[in-house]
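Commentary on secondary and tertiary structure
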Amino acid sequence: MSMKERIDSILGRAAQTGEIPGVVAMVTNREGTLYEGAFGRRVLDQAAAMTPDTVGWIASMTKAVTGAGAMQLVEQGRLDLDAPALRIVPEIANAQVLTGFDAAGQPQTRPPKRPITLRHLLTHTAGFSYEIWNADIQKYQAAKGLPGVTTCENAALRTPLLFDPGERWDYGINIDWAGKMVEAVSGMKLGAYLTRHLFEPLGMDSTAFKITPAMRERLAKIHQRGEDGKLTPLMELEIPQEPEFEMGGGGLYSSAGDYLKFVRMILNDGAGNGNRVLRPETVDLMARNNMGENRVGLLRTAIPPLSNDAEFFPGLPKAWGLSFQINTQRAPTGRPAGGLMWAGLANSYYWIDRASGVGGVYLTQILPFADARSLPLYYEFESAVYQSLS
């Protein structure tokens, strides 16, 4: 069975049976696209079909893109991975380590033992977390009157550290701070910087924080899966289009085909669409463990409608590069050790396998994260690629 037949069967069945509203999936090697397929609908109960150029909210798939932008500035000597980040964004010095809450529910904090660095931010070892996976962050936000991160208000970045920088891994607002660092040294808004230095050189014309009219014509809506398993379109849910800050950790909208160009650039050691955007040695550094003995752990949900408990390949040790998750052993899908991956909250996923020279992108628009139907379908898709290549 060909790769196309194998993947079409898996994804087509899932859309036909209503397990997912719609899906786009693509596979690339270093030369070009090996597979693309689109199934189902952009919005349940509406006529518009999912197509290969469908646009969706890619959420935390934004992180690797922002990380690549930051690493361009590291190459130029304008950012330093291990210098105190407060030299670039002084307000990050206000982040204190949360030690608990007093009887009145007010936070108790202390200064961190060491300053936060860009390397801490890109590896999620700075101490920041997200309210989605940490009830103490929610409690702190309530006590201080802080908005959630997806409001894209600057006040959302004033949450505390849960531990001293460098001491462990916790997933949070780190890359939003890295985006602020990119803005500070480039003198440009993050979206403008990424457009000039990544999206235009790579030919990514459907990727932006602000949804253009042409992108909106192809936009899929996010669906909420209820406890009964049924899917409901969330027609109004959208990242702020006039934000106080462009959310480097999760604000981008894109298409699977556009993101595949970014994947292919990493496979090609920093070159794509006839342009070099990163040096080969920079990509090598980004693809290596940068978090020492720390390891990625389970994200335990604190807001069940937004996320299930989430961990890729439980039981498999996972490290973090700049800024991807790295499986340090062979994954059950067939991906070799050293593969890179991450995901977006609305169940979009990607992986980059530099050893085999293949990568893929999978785009659905479903909450909660690690959806009971969509995440296993992503695994099936990736497994089918490796079965076809073997």
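Data block above holds the structure.
Right, let's talk about the pairing of strand 15 (residues 358-363) for a bit. In the case of a regular strand, side chains alternate between the two sheet surfaces. Burial analysis of strand 15 places 6 of its 6 residues in the buried class, the great majority of the element. The pairing of strand 1 (residues 22-29) with strand 15 spans 6 bridges and is classified as antiparallel. Across the sheet, residue Asn 29 finds its bridge partner in strand 15, namely Val 358. In this structure, strand 14 (residues 348-353) lies alongside strand 15, joined through 6 bridges in antiparallel fashion. Bridge assignment links Ile 352 to a residue of strand 15, and that residue is Gly 359. Remark: 4 residues form the turn of the hairpin made by strand 14 and strand 15, two consecutive strands paired antiparallel; Gly 357 in that turn has positive phi of roughly 75°.

Strand order in the open sheet formed by 3 strands is 7-6-16, and the pairing between neighbours is mixed. Every interior strand has two partners, whereas the edge strands, strand 7 (231-233) and strand 16 (366-367), have only one. Where strand 6 (residues 223-225) and strand 7 come together, 3 bridges link them in antiparallel fashion. Looking at the pairing, His 223 lines up with Pro 233 of strand 7.

With that out of the way, let us pick up the sheet that holds strand 15. Read from one edge to the other, the open sheet built from 7 strands follows the order 2-1-15-14-13-12-11, with strand pairing classed as antiparallel. Of all strands in the sheet, those bounded by a partner on one side alone are strand 2 (33-40) and strand 11 (318-320). Here the strands of the sheet are splayed against their neighbours by 20° on average, with no regard to which way each runs. Sheet strands in contact with helix 10 (residues 374-389) are strand 1, strand 13 (339-344), strand 14 and strand 15, and its direction is about 30° off that of strand 14.

Time to look at the packing of aromatic side chains. A complete count under the given rule lists 26 aromatic pairs for this structure. With 4.7 Å between their ring centres and 75° between their planes, Trp 320 and Trp 342 make a pair best called edge-to-face. In this pair, Trp 320 is assigned in strand 11 and Trp 342 in strand 13, connecting sequence segments 22 residues apart. The exposure class assigned to Trp 342 is buried, which follows from its relative accessible area of 4%. One cation-aromatic arrangement involves Lys 139 over Phe 101; the distance from NZ or CZ to the ring centre is 4.4 Å.

Moving on, we come to the nonpolar core. Counting 128 residues, the largest nonpolar core has Leu 11, Phe 128, Tyr 259, Phe 262, Phe 312, Tyr 350 and Phe 381 as the members making the most contacts within it. In this structure, Phe 101, Ile 137, Leu 162 and Phe 163 belong to the second largest nonpolar core, which totals 8 residues.

Examined bridge by bridge, strand 4 (residues 97-101) and strand 5 (residues 107-110) share 4 bridges and lie antiparallel to one another. The residue of strand 5 that forms the bridge with Val 97 is Arg 110. Once strand 4 ends, the chain turns through 5 residues before running back antiparallel as strand 5, passing Gly 105 with a positive phi of about 85°.

As enumerated under the stated definition, the model contains 18 salt bridges in all. Ionic pairing is found between Lys 221 and Glu 238, a salt bridge with its closest N-O pair at 3.9 Å. Here Lys 221, found in the loop between helix 7 (213-216) and strand 6, pairs with Glu 238, found in the loop between strand 7 and strand 8 (253-255); they are 17 residues apart in sequence, far enough to count as distant. Residue classification places Glu 238 among the partly exposed residues on the basis of a relative accessible area of 27%. The salt bridge partner of Lys 261 is Asp 258, with a shortest N-O separation of 3.9 Å. In this pair, Lys 261 and Asp 258 are both assigned in helix 8 (residues 256-267), 3 residues apart and thus about one turn of the helix distant.

Here we come to helix 4 (residues 135-144). For helix 4, the complete set of buried residues consists of Ile 137, Tyr 140 and Gln 141. Projected onto a plane normal to the axis of helix 4, the buried residues spread over an arc of 100° and lie on a single side. On its buried side, helix 4 packs onto strand 4 and strand 5. Sitting at the head of helix 4, Asn 134 places a side-chain oxygen 3.0 Å from the backbone nitrogen of Asp 136. Following helix 4 by one or two positions, Gly 145 adopts a phi angle in the positive range, close to 70°.

With that settled, consider unusual backbone geometry. A cis amide bond, omega 5°, links Leu 322 with the succeeding residue Ser 323. By secondary structure assignment, the location of Ser 323 is in the loop between strand 11 and strand 12 (325-327). A positive phi angle, near 65°, is found at Asn 347, a position not held by glycine. As for its position among the elements, Asn 347 is in the loop between strand 13 and strand 14.

Right, let's talk about the side chain of Lys 63 for a bit. Looking at where Lys 63 falls in the secondary structure, it is placed in helix 2 (residues 62-75). Buried within the structure, Lys 63 lacks any salt-bridge partner; its nearest side chain of opposite charge belongs to Asp 176, at an N-O separation of 5.9 Å. Engagement of the side chain of Lys 63 in a polar contact is seen with the side chain of Tyr 130, the distance being 2.8 Å. With near-sequence residues (within four places) excluded, Lys 63 lies in contact with His 124, Tyr 130, Tyr 171, Gly 172, Ile 175, Gly 248, Gly 249 and Ser 323.

This paragraph deals with helix 6 (residues 190-202). For helix 6, which comprises 13 residues, the first-to-last C-alpha distance of 17 Å matches the rise-based estimate of 18 Å (1.5 Å per residue) to within 8%. If you look at helix 6, its biggest bend is around 40°, right at Arg 196. Close packing links the buried residues of helix 6 with helix 2, helix 5 (174-186), helix 8, strand 9 (271-272) and strand 10 (275-276). With its phi angle positive at about 75°, Gly 203 sits one or two positions after the end of helix 6.

Calculation criteria
- Residues numbered from 1 in each chain as written.
- Predicted model: local features only at pLDDT ≥ 70, side-chain atom pairs only at ≥ 80, totals over all residues.
- Heavy atoms only, no water.
- Buried < 20%, exposed > 50% of the residue type's maximum accessible area, 1.4 Å probe, protein only.
- Helix = DSSP H or I, 4+ residues; strand = E, 2+ residues; numbered from the N terminus.
- Pairing = 2+ DSSP bridges.
- Axes fitted to C-alpha atoms, helices over the stretch in contact; angles between N-to-C directions.
- Contact = heavy atoms within 4.5 Å.
- Phe/Tyr/Trp six-rings, centres within 6.5 Å; stacked < 30°, edge-to-face > 60°.
- Lys NZ or Arg CZ within 6 Å of the ring centre and 35° of its normal.
- Core = buried A, V, L, I, M, F, W, Y, C linked by side-chain atoms within 4.5 Å.
- Salt bridge = Lys/Arg side-chain N within 4 Å of Asp/Glu carboxyl O.
- Arc of directions from axis to C-beta.
- Polar contact = N/O pair within 3.5 Å; in protein donor to acceptor, adjacent residues only side chain to side chain.
- Lys, Arg positive; Asp, Glu negative; His and termini not counted.
- Expected span 1.5 Å × (residues − 1).
- Bend = angle between axes of the 7 residues up to and from the residue.

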